[in-house]
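Chain by chain, the residues:
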Amino acid sequence: MGSLSRPSSWSYNPNIDSKYQADLRSNSYATGDNGLAYSRGHMIPNGSRNGNSGMQKQTFHVTNSVPQRQDKFNGSIWNSLEAAVQAEASDEEIYVVTGVALNKVGETKTIHYVSPKNSSQDCAIPNYFYKLVLKVKYTGGTVTSASTIGFWFVHQDYSDSDYTKYAVSVDQVEEWTGFDFFVNVPDAVEAAAEANASWTEFQSF
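Here the structure is a predicted model, which is why all the values come from computation and not from measurement.

Caption draft 1: How the structure looks around the overall build of the protein chain. Counting its secondary structure elements, the protein chain contains six helices and eight strands. Over its C-alpha atoms the protein chain spans a radius of gyration of 18 Å, differing by no more than 12% from the 17 Å that the globule rule assigns to 205 residues. With the C-alpha coordinates aligned to their principal axes, the bounding extent of the protein chain is approximately 50 × 40 × 35 Å. For the protein chain, with 205 residues in total, the buried portion stands at 44%.

Caption draft 2: Region of interest: the side chain of Glu194. Here Glu194 is to be found in the loop between helix 5 (187-193) and helix 6 (199-204). The side chain of Glu194 is buried and forms no salt bridge, while Lys135, the nearest opposite charge, is found at 16 Å. Ignoring anything within four residues of it in the chain, the contact list for Glu194 reads Thr148, Ser169, Val170, Asp171, Glu174, Phe181 and Phe182.

Caption draft 3: Representation of the environment of Phe60. With respect to the helices and strands, Phe60 occurs in the loop between helix 1 (53-58) and strand 2 (65-68). If we skip the residues at most four places from it in the chain, Phe60 touches Arg6, Pro7, Ser9, Trp10, Ser11, His42 and Asn46.

Caption draft 4: Examining the packing of aromatic side chains more closely. Within this structure, the stated rule accounts for 19 aromatic pairs. Geometrically, the ring pair formed by Phe151 and Tyr163 is edge-to-face, given 5.9 Å between the ring centres and 70 degrees between the ring planes. Of this pair, Phe151 sits in strand 7 (residues 142-154) while Tyr163 sits in the loop between strand 7 and strand 8 (167-168); the two residues are twelve residues apart in sequence, bridging distant segments of the chain. Judged on exposure class, the residue Phe151 and its partner Tyr163 are both buried. Here the aromatic rings of Phe151 and Trp199 are separated by 5.5 Å at their centres, their planes lie at 65 degrees, and the arrangement is edge-to-face. Of this pair, Phe151 sits in strand 7 while Trp199 is found in helix 6, placing the two residues 48 residues apart along the sequence. Its relative accessible area of 0% is what places Phe151 among the buried residues. Grouped by ring-pair contacts, the aromatic residues Phe73, Trp78, Phe129, Phe153, Tyr158 and Tyr166 constitute a single cluster.

Caption draft 5: Molecular detail of the sheet that holds strand 7. The strand order across the open sheet built from four strands is 3-6-7-8, with neighbouring strands paired in antiparallel fashion. Whereas interior strands pair on both sides, the edge strands pair on one side only; in this sheet they are strand 3 (95-101) and strand 8. Strand direction decides the pairing type here: strand 3 and strand 6 (residues 128-139), joined by seven bridges, are antiparallel. Bridged to Thr98 within strand 6 is Lys131. Lying on the sheet, helix 3 (residues 77-88) is in contact with strand 3, strand 6 and strand 7; it crosses strand 6 at an angle near 10 degrees. Lying over the sheet, helix 4 (residues 170-177) contacts strand 6, strand 7 and strand 8, oriented at roughly 55 degrees with respect to strand 7.

Caption draft 6: How the structure looks around the pattern of salt bridges. Scanning the entire structure with this criterion turns up five salt bridges. A salt bridge links Lys135 to Glu88; its shortest N-O distance comes to 2.8 Å. With a gap of 47 residues between them, Lys135 in strand 6 and Glu88 in helix 3 connect regions that are remote in the sequence. Neither Lys135 nor Glu88 differs from the other in exposure class; each is buried. Three or more residues are tied together by salt bridges with common partners; here these are Glu88, Glu92 and Lys135.

The rules behind these values
Residues numbered from 1 in each chain as written. Predicted model: local features only at pLDDT ≥ 70, side-chain atom pairs only at ≥ 80, totals over all residues. Heavy atoms only, no water. Helix = DSSP H or I, 4+ residues; strand = E, 2+ residues; numbered from the N terminus. Rg over C-alpha atoms; globule rule 2.2 N^0.38 Å. Buried < 20%, exposed > 50% of the residue type's maximum accessible area, 1.4 Å probe, protein only. Lys, Arg positive; Asp, Glu negative; His and termini not counted. Salt bridge = Lys/Arg side-chain N within 4 Å of Asp/Glu carboxyl O. Contact = heavy atoms within 4.5 Å. Phe/Tyr/Trp six-rings, centres within 6.5 Å; stacked < 30°, edge-to-face > 60°. Pairing = 2+ DSSP bridges. Axes fitted to C-alpha atoms, helices over the stretch in contact; angles between N-to-C directions.

So this is what it looks like as structure tokens:
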């Protein structure tokens, strides 16, 4: 993290064939098939990489974005959560996982699509967003304790920016997504850490 100026443009990820990437280089999305507008929502935020020019530019690869509601989600409650996570990283090492889901395990929600303004490509609009954060403590080179916290959001407009109301355990997010997170943490430590659903407890770890 640093204070480099925000890049003014997006680019294709050079490690992936451009035919598999949405053309969001010069414009965002048109209106979705549900009649709503979406922005290029960062997964890794610019503010988490703006201390290193090369890494910062990677956050503006189109592969680091998803369709995201802007004013009352990306620009409000989601932005507040990103800032809170960055504050935790200001004086200690943390690990962050950010993701989206179209459905929870066992669900069959309707999936809506939106196209870039410059193309007819169909991009799936996530029904959910989540962010997971891990802190660990070491004895020598071994992880001896850890704490995690998760946040889970329905993809919609929110009336306020209080992200703490949406704190959940990593165990819960694993149940909803079917994924196993933080697998390199020793099993016993991981099991205890992933049960926490309190942001306050996570902060004080």
